[in-house]
Amino acid sequence: METDCTRGEAPVNDAITDPAGPTGPLAALPAGTRLLHIGPHKTGTTAIQGALFAAKDKLPEHGVEFPATTRHPMEAALAACARPAMIGDTVPTEKHWTRLIGAVEATGTRTSVISSEFFADAPDDETVARIVEQLGGERVHVLVTLRPLARIMPSQWQQYVQNGLRMGYEDWLDHMLRKAPYEKPNPSFWRRHRHDRLVERWVRAVGADRITVVVVDDRDRDGLMRTFEALLGLPEKLLQPVPDTANRSLTLAETEMLRKLNVEFRGNGLPDELYSKLVRNGAVMHMKNSCSPTAADVKISTPAWAVEAAGRIGAEMVERIGAMGVRVVGDPALLHALPAIPAQPGAPAAEARIAPEVAAQALYGALAAAAAAPVRHTAEAKSRTVHQTSSKELVRVLGHRCLKKLRRR
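Residues numbered from 1 in each chain as written. Predicted model: local features only at pLDDT ≥ 70, side-chain atom pairs only at ≥ 80, totals over all residues. Heavy atoms only, no water.

This brings us to unusual backbone geometry. Note that the residue after alanine 180, namely proline 181, is joined by a cis bond; omega there is 5°. Mapped onto the fold, proline 181 is located in the loop between helix H6 (169-177) and helix H7 (188-193). Positive phi, normally seen in glycine, also occurs at tyrosine 182, with a value near 60°. One can find tyrosine 182 in the loop between H6 and H7. Positive phi, normally seen in glycine, also occurs at lysine 237, with a value near 70°. Examined against the element boundaries, lysine 237 turns out to sit in the loop between helix H9 (223-232) and helix H10 (252-267). Of the residues examined, lysine 237 reaches a relative accessible area of 56% and is grouped as exposed. (Helix = DSSP H or I, 4+ residues; strand = E, 2+ residues; numbered from the N terminus. Buried < 20%, exposed > 50% of the residue type's maximum accessible area, 1.4 Å probe, protein only.)

Here it is, written out as structure tokens:
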């Protein structure tokens, strides 16, 4: 991964089009296409998945199917890419993937759309080729959505923290941008977000003529919905945003609170299942749903050196993608336009303070999750004596015992 590439405007070529420009409206894909949206992460994937799933029952009357049974077939995509689940979550198996393949095949000759950002994690050409072949071979058209790297970095960091990361933001940026080979602590980051190489991997599987790259413009909130409608031949405004507070990014204070909890969690060797149920799907989820960020909350601030490095990488990626001959919808210059992505002066992490009500909601979320789905203890934990067990775990065990007694009564 290079960070010292020449900065400048991407060359304009025939592959770059604008659905609202002189080339006219964006043409729909041929009937029977299997549109595979591979993300990557933090490029509007959750919004489009929510809109497609909400319109699932309306799509067939327009010749389109959404074969997944949930908004996001994450386990199927993880299994296809041989990727592990998020910490403590359901282990993806081949059954998840074959079930999705079966649902896609059941759509017959109709157009279908499959969306998961985890397809961007496919580790090699062989895996990509197998995914394409199993989803329909020549019928597959790949859609890649892109946003500026400088906007992706803070969102991706706090998402990694939600999966157990313990590293602070500036230290993480230093590892991702300055410390070759840029694989620690998150080797998935550049596999997903070195976008030129991502597009190139899929070009080798389907060819440039069956890939569409969409540059997401954050100033046009509905633009991505309209692009999907055009490609699928759907009526305008059929796809509508679905409110999803659970998908909001954490504030700096919230992220720092969680990051420090991760340090304690790992330091005490607690089981992954506990993290999934009580922390990510308990405390964090309830906090997101119950507390909305305010103007007083400190946002995650990207230092100027990292914003500039992201701009240089973005310019190189745009140039390479433009030379591949794929269709590009939107303005590629947005991917490296630094004036639109200023470095926020912000306050250091030490000055970010979590509001008492936010902390209370997080704590309540963990307690509610514990009451709803008590965590199973491992044989190792059961075999330890009281003196070998930490005070934190003793509190947890006693809490479960009290809860069981109350339920019996």
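Tracing the backbone shows histidine 141 in strand E5 (residues 140-146). Sequence-distant contacts of histidine 141, that is, excluding residues within four places in its chain, are made with Leu29, Thr33, Arg34, Leu35, Leu36, Asp209, Arg210, Ile211, Thr212 and Arg327. (Contact = heavy atoms within 4.5 Å.)

Counting 66 residues, the largest nonpolar core has Trp97, Phe119, Ile131, Trp202, Phe228 and Val326 as its most contacted members. Not counting residues within four places of it along the chain, the set of residues in contact with phenylalanine 119 comprises Leu36, His37, Ile38, Ala77, Ala80, Cys81, Trp97, Ile114, Ile131 and Trp202. Counting 46 residues, the second-largest nonpolar core is a separate cluster that includes Trp172, Ala283, Ile300 and Ala362. (Core = buried A, V, L, I, M, F, W, Y, C linked by side-chain atoms within 4.5 Å.)

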